[in-house]
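Descriptive analysis of the structure
These are the residues of each chain, in order.
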Amino acid sequence: GVTLRPDVYGDRGLQIYYNVSDNKTWEGLVTTLRNYLSAYTPAAQRLNINCTGDTYFIQDTFDGPNKTKLSCKFTSDMLQNCSGITDPTFGFPEGKPCFIIKMNRIIKFLPGNGTAPRVDCTYVGDKSRPLEVDYYPVNGTFNLHYFPYYGKKAQPSYSNPLVAVKFLNITRNVELKIVCRIIGAGITFDNVHDPYEGKVEFKLKIED
Amino acid sequence: IQDDHKLSTSELEEKYGTSIDKGLSSSRAAEILARDGPNSLTPPKATPEIVKLLKQMVGGFSILLWIGAVFSWISFGIQLAQGAESPFDNLYLGVVLALVVILTGIFAYYQEAKSTNIMASFSKMIPQHALVIRDAEKKELPADQLVVGDIVEIKGGDRIPADIRLIFTQGCKVDNSSLTGESEPQSRSCDFTHENPLETRNIAFYSTTCVEGTATGIVINTGDRTVIGRIASLASGVGNEKTPIAIEIEHFVYLVAGVAISIGVLFFIISVSLRYKILDSIIFLIGIIVANVPEGLLATVTVSLSLTAKRMAKKNCLVKNLEAVETLGSTSIICSDKTGTLTQNRMTVAHLWFDNQIYSADTSEDQTTQPFDQSSPTWTALSKIVTLCNRAEFRPGQENLPIMKRVVVGDASETALLKFAEVILGDVMNIRARNKKVAEIPFNSTNKFQLSIHETDDTDDKRFLLVMKGAPERILERCSTIMINGKEEPLDSEKAEAFQTAYMELGGMGERVLGFCHLYLPENEFPDTYPFDTDSMNFPTSNLCFVGLLSMIDPPRSTVPDAVSKCRSAGIKVIMVTGDHPITAKAIAKSVGIISATSETVEDIAKRLNIPVEQVDRREATAAVVNGMELKDMTLQQLDDILCNHSEIVFARTSPQQKLVIVEGCQRQGAVVAVTGDGVNDSPALKKADIGIAMGIAGSDAAKNAADMVLLDDNFASIVTGVEEGRLIFDNLKKTIAYTLTKNIAELCPFLIYIIASIPMPIGTITILFIDLGTDIIPSVALAYEKAESDIMNRRPRNKKKDRLVNEQLAVYSYLQIGIMQSVGAFVTYFTVYAEQGFLPSTLLGVRVNWENNAINDFEDSYGQEWTKYQRTYLQWTGYTAFFVSITIQQVADLIIRKTRRNSIFQQGLFRNKVIWVGIFSQIGIALILTYGLGHVTALNFTPLRFQYWFVAVPFAILIWVYDEVRKLFIRRYPGSWWDKNMYY
């Protein structure tokens, strides 16, 4: 499953509507992001280790404290422009909002078959203008060293790796349908029954 | 009331505008026909087919399902308005419930229509014709074209086509049994003999038969205005009682409804206090009520009943009304006809007396020889008289038929004698040809004898042989000698005494006795050419030689005594109701065991003790023979006394109306009464009875219409089969219902716990339907094939008030014991599946709101994994499938334990009922198909379950079996104990 932050659900799935000139309409969204990222401050991540390898972090032994396994650090600064550090409003007032994409934890799941899976956002359907997106971290990848997940008991301080997307050319006052897929071997996004498997779809409308 | 019998011929001609010689004119007849309508009985107002069909779809069980359907739709409406997630489940549920009722209704309708068709094929006899004089010509017309004033001619063998005032008769006798039940033919003449038109001799009634002779008469009543027509219309005034099984099912419906509403209301209160929204609580309430409806049971019960009906039809009991299948099983009194039902409906020679000795003849249905000693020369002489002094003849062209089955032209006694002679001597016609008849005086009521004179086939003996038969005392009067061992001996008082004793003895057995005598006419007085003149009787008719007596009776069917004794051991009282004479009735009753060998009537006791009848203590007499005349003067109280105090009762000389009174009397005792009958006159009693049984062969259409069941072979013994089948189906329906109710709890508990503990829904509506209308159907029908646990024909009929189909014990045991065990087993599977997939039981409690929230797509489980909404739903379906599978597995155990209610399974045998195994395999097969075959069809909410989950409930299945074996063991060990009273259902 893939989820989105901020997540505002309407009648039919995720609907993120706001007005740039009315900060009441987007403050809530920004707060959601800020709160969500509070689990990714260096302080919150202090129990996790710095990982550098670009391969799966396979642990057969319990090397962590209290017979646990180690988890890799993911801090919000890795999201650069969407970290909320440089821009505490996550681009919402400018009409270039940041969204955070996250994959659901699945125990012992090894996504991508050795290649880091990445996020790819597009308009749903045929849009003449391509969607301009900035991905953070670069290329919008989930580094392989966050996988596999060994479960709550083995990795009590594990945090999901995140990818932030910043939409740059959103047409104002139009409801746009956007889908962000996770591209990677072993990740399917064509389950007709499950709209949140391997992708997240949402409607975005920015008014001014 | 008409006075046509008092009018003279010319008055009649005038009254009806007809002429005896010319009859009506065709045009006049057509006018009257247009005015009066055809001469046929209006069939009882036939219920339109569509009404019959609709009737199958309401009442009893169906009501329960309809209520369920309506509730489901209400629920659907509310949910749709609320915008709930899957409101269509309730719509489908309602549709399925309605479909079940409609399809079952159509099935039941079809079954009953089939029986009706079989009957219709019986009644479509050759259309009747009547010989009518019209336009001064004799014409053969269909009988229904007759009109008042028509002149008709009748001869022996014809059915009387309308009520007829006779104006010319010759030796005419009619059999009024279809009207009065009296089997003795009655003579008819043109004379006005009685004020009462029913008693006078000069009227012949519609539907009776002319046995012999000829007659001409004027039609005075046609169609429904005939006497029989008026009796037939009586039947439509008699209300139809509810069948016992219908009452039982109603009781069951109340019980289920009671349980459903109490649980529903209880949980409504609980859910309101748990702060569910009122509307949600109402949905829960409806859901609980609907969940209690056993969807499959209506179909199962109907199929089981029709299976039994089919089985009974094979044994010659055709059931018109499916519910009547069971009625015979609860029957406690059978009021049976005598003639044709208990007896073979044909006179047969039963005893002979010659050489001072009584011989018994074989009276069975298929006799081919007679075993009594035939070596005496007296027998040779007697057989000659029997053969020659007889006018009856076989219809030609029946040489290949067994003798007893051949059709004979002649009256009942002569027929009996003819067949008797044919069996012993062979070709009677040939013997008669060789002994040429030279003179004959037929029987008449003044002489009371029949005489003929023959040449003999003995070429050395030129003497003529005079043979005579008739009423024994009249014959004896004409004799001066008696033949003993072939020798003529003088008839002294001692020998006359022996004759009297034998005559009394045979008469006392209710038999019709005939005496036989002969005389060889001296050759010198009666040479070859002697002109015998029957008018002047120029030959001796006295000082004859008495040869012997033959007595005849309509003998009981050979299967009847056994059947009666079976009824007796089954606690069913058999009462004989007949129009016949008390003596004959009593004799037959004794010979079939309706009056047992040791019991006595008041009259018997009086005779034995040699005291007047009034002094006899009536309580001492177990048997009673009640005459119709006595019955007429009895108060209801007196009748009740008789029915109560005597275990063996014969009603003789009863009229059709009295039959109704007797049936009502029996019903007042709280008995379930079965009545057999064949005549139109029986139809009121047939209708009044709890189960009316009409005769298929001899029965009239009116009787068959009024009856619930038709005996295709007219044989009383078939009723016993019916009783057995009826009792068996009652027992087996208990088992079926117990089986079906059990899993209702396992289907209901999930919903209740869902409400209280807010866990993800353990089983879905559609899944439940697949159990109730899928896996469980064949097994529950299979229980209908279960053999009886003990001899069901050795116990008393069930007590209508106490032995309910569904009693408290059955409900408690099924719902609260096995049902709860099953629920636990299923929940263990459910929790196992969820735990293995990531949700430990503790995380499931109270999770409902978030679980069902579409906006949560990273729902965390006990291991830290995250689930989208669909993944959770899929897991929920897996849970449904697991729940379904474990109910199925445990239902296999439930099925096995339900085979018996008291005996161990090992006593009953696991493999005797093969259909149970068909049931088990079908159950598992359907479950496999649903799980693995249709597991990918999302709409059905099944998922391909991991194979190991099939086995989680197995220990519980074993537990159910062991638990029930223990229950049965204690019941057998400690009869009458607390355990027996509370655990036996």
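Calculation rules
- Residues numbered from 1 in each chain as written.
- Chains lettered and ligands numbered in written order.
- Predicted model: local features only at pLDDT ≥ 70, side-chain atom pairs only at ≥ 80, totals over all residues.
- Heavy atoms only, no water.
- UniProt positions renumbered as here; feature names shortened; annotations may be inferred.
- Helix = DSSP H or I, 4+ residues; strand = E, 2+ residues; numbered from the N terminus.
- Buried < 20%, exposed > 50% of the residue type's maximum accessible area, 1.4 Å probe, protein only.
- Contact = heavy atoms within 4.5 Å.
- Areas by Shrake-Rupley, 256 points an atom, 1.4 Å probe, with all protein chains shown as cover.
- Domains from an automatic or database assignment.
- Pairing = 2+ DSSP bridges.
- Axes fitted to C-alpha atoms, helices over the stretch in contact; angles between N-to-C directions.
- Disulfide = S-S within 2.5 Å.
- Phe/Tyr/Trp six-rings, centres within 6.5 Å; stacked < 30°, edge-to-face > 60°.
- Parallel < 35°, antiparallel > 145°, perpendicular 65-115°, else oblique.
- Left-handed = near helix turned anticlockwise from the far one by under 90°.
- Nonpolar A, V, L, I, M, F, W, Y, C, P; charged D, E, K, R; others polar.
- 1 Å grid on protein atoms, 1.4 Å probe; cavity = no way out; pocket = protein on both sides within 12 Å on 5 of 7 lines; lining within 4 Å.
- Points joined across faces, edges and corners; volume = space filled by probe spheres on them.
- Buried area = accessible area lost by both parts, 1.4 Å probe.
- Core = buried A, V, L, I, M, F, W, Y, C linked by side-chain atoms within 4.5 Å.

The name that an unreviewed UniProt entry assigns to chain B is Sodium/potassium-transporting ATPase subunit alpha, with the source organism given as Phalacrocorax carbo. The record held by UniProt for chain B lists under Sequence similarities (unreviewed entry) the comment "Belongs to the cation transport ATPase (P-type) (TC 3.A.3) family. Type IIC subfamily."

Per an unreviewed UniProt entry, chain A goes by Sodium/potassium-transporting ATPase subunit beta and derives from Phalacrocorax carbo. UniProt, in its Subunit (unreviewed entry) section for chain A, records the words "The ATPase pump is composed of two subunits: alpha (catalytic) and beta (regulatory). Interacts with alpha subunit ATP12A; this interaction is required for the formation of a functionally active pump and targeting at the plasma membrane. Interacts (via N-terminus) with alpha subunit ATP4A (via the P-domain)."

What follows is about the overall build of chain B. Each helix and strand in chain B was counted, giving 35 helices and 28 strands. Projected onto its principal axes, the C-alpha positions of chain B cover 135 × 70 × 55 Å. Here chain B, with 985 residues, has 55% of them falling under the buried criterion. Here the analysis covers contacts within chain B between residues at least 6 apart in sequence; of these, 71% occur between residues at least 24 apart. Roughly 40,800 Å² of accessible area belongs to chain B as shown, and the carbon and sulfur atoms make up 58% of that amount.

The next point concerns the domain arrangement of chain B. Assigned domains within chain B: domain 1 (9-20 + 130-237), domain 2 (54-109 + 243-311 + 725-794 + 804-983), domain 3 (317-343 + 557-714) and domain 4 (348-359 + 371-524). Computed over C-alpha atoms, the centres of domain 1 of chain B and domain 4 of chain B are 35 Å apart.

This part covers the sheet that holds strand S9 (residues 333-336) of chain B. Note: strands within a sheet are paired through backbone hydrogen bonds, in either parallel or antiparallel orientation. Residues and elements named next belong to chain B. Spatial ordering of the open sheet is given by S8-S26-S25-S24-S9-S21-S23-S22, a layout of eight strands whose pairing is mixed. Each end of this open sheet is capped by a strand with a single partner; those strands are strand S8 (317-319) and strand S22 (623-627). Each adjacent strand pair in this sheet contributes to an overall mean axis angle of 20°, direction not counted. Across four bridges, the pairing between S9 and strand S21 (residues 573-577) is parallel. By the bridge assignment, Ile-333 is partnered in S21 with Lys-573. Strand contacts of helix H21 (residues 636-645): S21, S22 and strand S23 (648-652), with the helix running at about 135° to S23, the strand carrying the most contacts.

All names here are of chain A. All told, the structure shown has three disulfides over all chains when counted by the stated rule. The residue that forms a disulfide with Cys-51 is Cys-72, at a sulfur-sulfur distance of 1.9 Å. In this structure, the disulfide formed by Cys-51 and Cys-72 twists by about -90° around the S-S bond and is classed as left-handed. Of this pair, Cys-51 sits in the loop between helix H1 (23-37) and strand S4 (98-103) while Cys-72 sits in the loop between H1 and S4, placing them 21 residues apart in sequence. Each bonded cysteine of chain A gets a number by its place in the sequence, and the pairs then read 1-2, 3-4, 5-6.

Attention now goes to the packing of aromatic side chains. Any pair of aromatic rings gets described here by the distance separating the centres and the angle formed by the planes. Residue and element names in this part refer to chain B. According to the stated counting rule, one finds 56 aromatic pairs over all chains in the structure shown. Seen in terms of ring centroids, Phe-839 and Trp-851 are 5.0 Å apart; in terms of plane orientation they differ by 70°. Their pairing is edge-to-face. Of this pair, Phe-839 sits in the loop between helix H28 (808-837) and helix H29 (841-844) while Trp-851 is found in helix H30 (residues 848-851), placing the two residues 12 residues apart along the sequence. The burial state of Phe-839 is the same as that of Trp-851; both residues are buried. Members of the aromatic cluster, connected to one another through ring pairs, are Phe-827, Tyr-830, Phe-831, Tyr-834, Phe-839, Trp-851, Phe-859, Trp-867 and Phe-883.

Let's shift gears to the packing of helix H31 (residues 869-898) of chain B against helix H34 (residues 954-973) of chain B. All names here are of chain B. For the pair H31 and H34, the least separation of the axes is 8 Å and the interaxial angle reads 15°. As the angle between them shows, H31 and H34 are arranged roughly parallel. For the pair H31 and H34, the sense of crossing is right-handed. Residue-level inspection shows Ile-889, Gln-890, Ala-893, Ile-896 and Ile-897 of H31 in contact with H34, the latter providing Val-954, Phe-956, Ala-957, Ile-960, Trp-961, Asp-964 and Lys-968. Split by residue class, the contact of H31 with H34 holds nine nonpolar, one polar and two charged.

This next bit is on empty space enclosed by the protein. In the structure shown here, the tally under the stated rule is two cavities of 30 Å³ or more. Considering only enclosed or pocket space, the largest cavity measures out at about 80 Å³ in volume. In this structure, the largest cavity is lined by Met103(A), Asn104(A), Arg105(A), Ile106(A), Phe109(A), Phe147(A), Pro148(A), Tyr149(A), Tyr158(A), Asn160(A) and Pro161(A). Split into classes, the residues belonging to the lining of the largest cavity amount to eight nonpolar, two polar and one charged. Quantified by volume, the second largest cavity comes out at close to 50 Å³. In this structure, the second largest cavity is lined by Arg346(B), Met347(B), Thr348(B), Val349(B), Gln367(B), Gln370(B), Met404(B), Ala416(B), Lys419(B) and Phe420(B). For the lining of the second largest cavity, the secondary structure elements donating two or more residues are strand S10 (348-354) and helix H13 (412-425) of chain B. Counting residues per element, the lining of the second largest cavity draws most heavily on H13(B), which supplies three residues.

The next thing to look at is the interface of chain B and chain A. The partner chain A presents 18 residues to the 16 residues of chain B that form the contact. A combined buried area of about 1,400 Å² lies between chain B and chain A, and 45% of that area is made up of carbon and sulfur atoms. When the buried area of chain B at its contact with chain A is split by residue, Asn857(B), Glu866(B) and Tyr870(B) rank highest and sum to 36% of it. Contributions of two or more residues to the side of chain B that touches chain A are made by strand S28 (866-867) and H31 of chain B.

Let us look at the sheet that holds strand S8 (residues 176-183) of chain A. Residues and elements named next belong to chain A. Strand order in the open sheet formed by five strands is S2-S3-S9-S8-S5, with mixed pairing between adjacent strands. The strands lining the two open edges of the sheet, one partner per strand, are strand S2 (9-10) and strand S5 (118-123). Taken together, the six bridges between strand S3 (residues 13-19) and strand S9 (residues 199-207) define a ladder with parallel strand orientation. When the sheet's bridge partners are listed, Tyr-17 is paired in S9 with Lys-205.

Moving on: the nonpolar core. Core analysis: the biggest nonpolar cluster contains 122 residues, and Phe61(B), Leu328(B), Ile594(B) and Phe716(B) have the highest contact counts within it. Per-element accounting of this core gives the leading share, 14 residues, to helix H25 (residues 716-757) of chain B. Counting contributing residues per domain, this core is built from domain 2 (54-109 + 243-311 + 725-794 + 804-983) and domain 3 (317-343 + 557-714) of chain B, each supplying no fewer than three. Each residue touching Phe716(B), except ones within four places of it in the same chain, is listed here: Ile334(B), Ser336(B), Thr341(B), Leu342(B), Val560(B), Ala563(B), Val564(B), Cys567(B) and Val574(B). If you look at the next biggest cluster of nonpolar residues, it comprises 55 residues, including Ile16(A), Tyr36(A), Phe90(A) and Val119(A).

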